[in-house]
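Notes for the structure review
Spelled out, the chains give:
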Amino acid sequence: MTRMAAGALLKTPLYDLHLELGGKMVPFAGYEMPVQYPLGVMKEHLHTRDKAGLFDVSHMGQLTLSGPCSAAALEALVPVDMIDLPQGKQRYALFTNAEGGILDDLMVTNYGDCLYLVVNAACKAQDIAHLKGNLGDEVTMQLLDNRALVALQGPAAAMVMARLAPDTAGMVFMDSRGMSLLGVDCFVSRSGYTGEDGFEISIPAAEAEAVVRELIAQDEVEPIGLGARDSLRLESGLCLYGHDLDATTTPMEASLIWAVSKARRSDGVRPGGFVGADLVLEQIATQQVSRKRVGLIGEGRAPVREGAKLFNGEGNAVGNVTSGTFGPSVGAPIAMAYVTPDCAALGTELFAEVRGKRLPMRVSKMPFVPQRYFRGYAHTSSIGDAE
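**Let's talk about the nonpolar core**
Grouped together as the largest cluster of nonpolar side chains are 28 residues, with contacts concentrated most on Leu152, Ile201 and Leu215. Only β3 (52-56), β9 (147-153), α5 (157-164), β10 (176-181), β11 (184-189), β12 (198-204) and α6 (205-216) provide two or more residues apiece to this core. Beyond its immediate chain neighbours, meaning those up to four positions away, leucine 152 contacts Ala52, Gly53, Leu54, Ala157, Val160, Met161, Asp197, Gly198, Phe199, Leu215 and Val221.

**Concerning the layout of surface pockets**
Which parts of space are left empty comes out when a probe the size of a water molecule is rolled across the atoms. Here the largest pocket is characterised by a volume of approximately 920 Å³. Around the largest pocket, the lining is made up of 44 residues, and of these Tyr92, Tyr193, Gly237, Leu238 and Cys239 lie nearest the centre. Mapped onto the lining of the largest pocket, the elements with two or more residues apiece are β6 (102-110), β14 (292-298) and β19 (357-364). By residue class, the composition of the lining of the largest pocket is 26 nonpolar, 13 polar and 5 charged.

**Some points on empty space enclosed by the protein**
Under the defined criterion, the tally for this structure stands at 5 cavities of 30 Å³ or more. Roughly 70 Å³ of internal volume is contained in the largest cavity. Forming the boundary of the largest cavity are 13 residues, of which Gln90, Tyr116, Leu149, Ser189 and Glu200 lie nearest the centre. Where the lining of the largest cavity is concerned, the elements lending two or more residues are β7 (115-119), β11 and β12. In the lining of the largest cavity, the residues fall into 7 nonpolar, 5 polar and 1 charged.

**Considerations on the sheet that holds strand β8 (residues 140-143)**
If you walk across this open sheet you meet the 5 strands as β5-β6-β7-β4-β8, and the pairing is antiparallel. The open sheet has two edge strands, β5 (90-96) and β8, and neither has a second partner. Adjacent strand axes in the sheet meet at a mean angle of 30° when their direction is disregarded. Here 5 bridges tie β6 to β7, and the two strands are oriented antiparallel to one another. When the bridges of β7 are listed, threonine 109 appears paired with tyrosine 116.

**Topic: unusual backbone geometry**
A cis amide bond, omega 5°, links methionine 366 with the succeeding residue proline 367. By secondary structure assignment, the location of proline 367 is in the segment after β19. Even without glycine at this site, serine 255 takes up a positive phi of about 60°. Despite not being glycine, arginine 355 has its phi angle at roughly 50°, a positive value.

Conventions we followed
- Residues numbered from 1 in each chain as written.
- Predicted model: local features only at pLDDT ≥ 70, side-chain atom pairs only at ≥ 80, totals over all residues.
- Heavy atoms only, no water.
- Core = buried A, V, L, I, M, F, W, Y, C linked by side-chain atoms within 4.5 Å.
- Buried < 20%, exposed > 50% of the residue type's maximum accessible area, 1.4 Å probe, protein only.
- Helix = DSSP H or I, 4+ residues; strand = E, 2+ residues; numbered from the N terminus.
- Contact = heavy atoms within 4.5 Å.
- 1 Å grid on protein atoms, 1.4 Å probe; cavity = no way out; pocket = protein on both sides within 12 Å on 5 of 7 lines; lining within 4 Å.
- Points joined across faces, edges and corners; volume = space filled by probe spheres on them.
- Nonpolar A, V, L, I, M, F, W, Y, C, P; charged D, E, K, R; others polar.
- Pairing = 2+ DSSP bridges.
- Axes fitted to C-alpha atoms, helices over the stretch in contact; angles between N-to-C directions.

Given below as structure tokens:
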């Protein structure tokens, strides 16, 4: 990463390339990042669903944990089975606090000699401090701030990667490998944040621009900005930390109990033992929470944005929208929201307050569009299968 004066925005190793490609740069999580390119957010979104999009996500934090006790130490901080995570596999995880709230969500890969973590950009400093303060002296943490991270997403991503890195052809969803891509040693996982098949690629910073130039030179690939990344992930029912998840929200409230591994539940082989376990496991056992995360689909075309208040048919306030946009692939306004449990049933009609008007929406299942993660030709997949 390019570091600047205190208080100034940081730049990723691909900053100059974004400018060359006509990227519209905006502040995001302390970095200057492209929100869109000349193609525009709508066409970028649809191109990713139809072919393949290339995203710069180098603002996210990459780090490794090494030492014989790494997995066990990390298990004390997440409600996830790290000890039995197979080598070459990746798993979704949550840092929890003493009240069962979510401090961040992250991805963890077992590379055999280390665990490789990718954490959210806005939580990077907090997460590093949390790990340093809790892992103990037998675990060595290394921040990989000399690497870029990009995501190639969409139905043509596998074909593009097979052309440039044949070793990816045998990978399935949540597989991770170290491999050569265009002669550069990279970490590659078959995963992403769009609901499409795709790959996330960690590249040494010095070689990142050359690798990305070759990727976007492929006929199927267009550079995609943060705007389309947000609408793609929302259509796919994927949470954005700081919006749909925060330190006051528990996995049960967030409808993320699938991310609490069976081994760590009350009847598992290693029950509890993570921060906030008593409350998290009690909520799973009783199914009792004061609010639930739901999906909403609106009528008409007016988007309902984050912060909009929700009301039931009697005019009583029942919740708030945490993410909202017009879904280009859905063809309708979509949103995530937290509502009281009595309003969480599919089909429930609610009303979102937008500029003094109350717009009708209905509780919908998520994802709003089919997820197309590749689990092999005999399987279909959803993010809940990640465990």
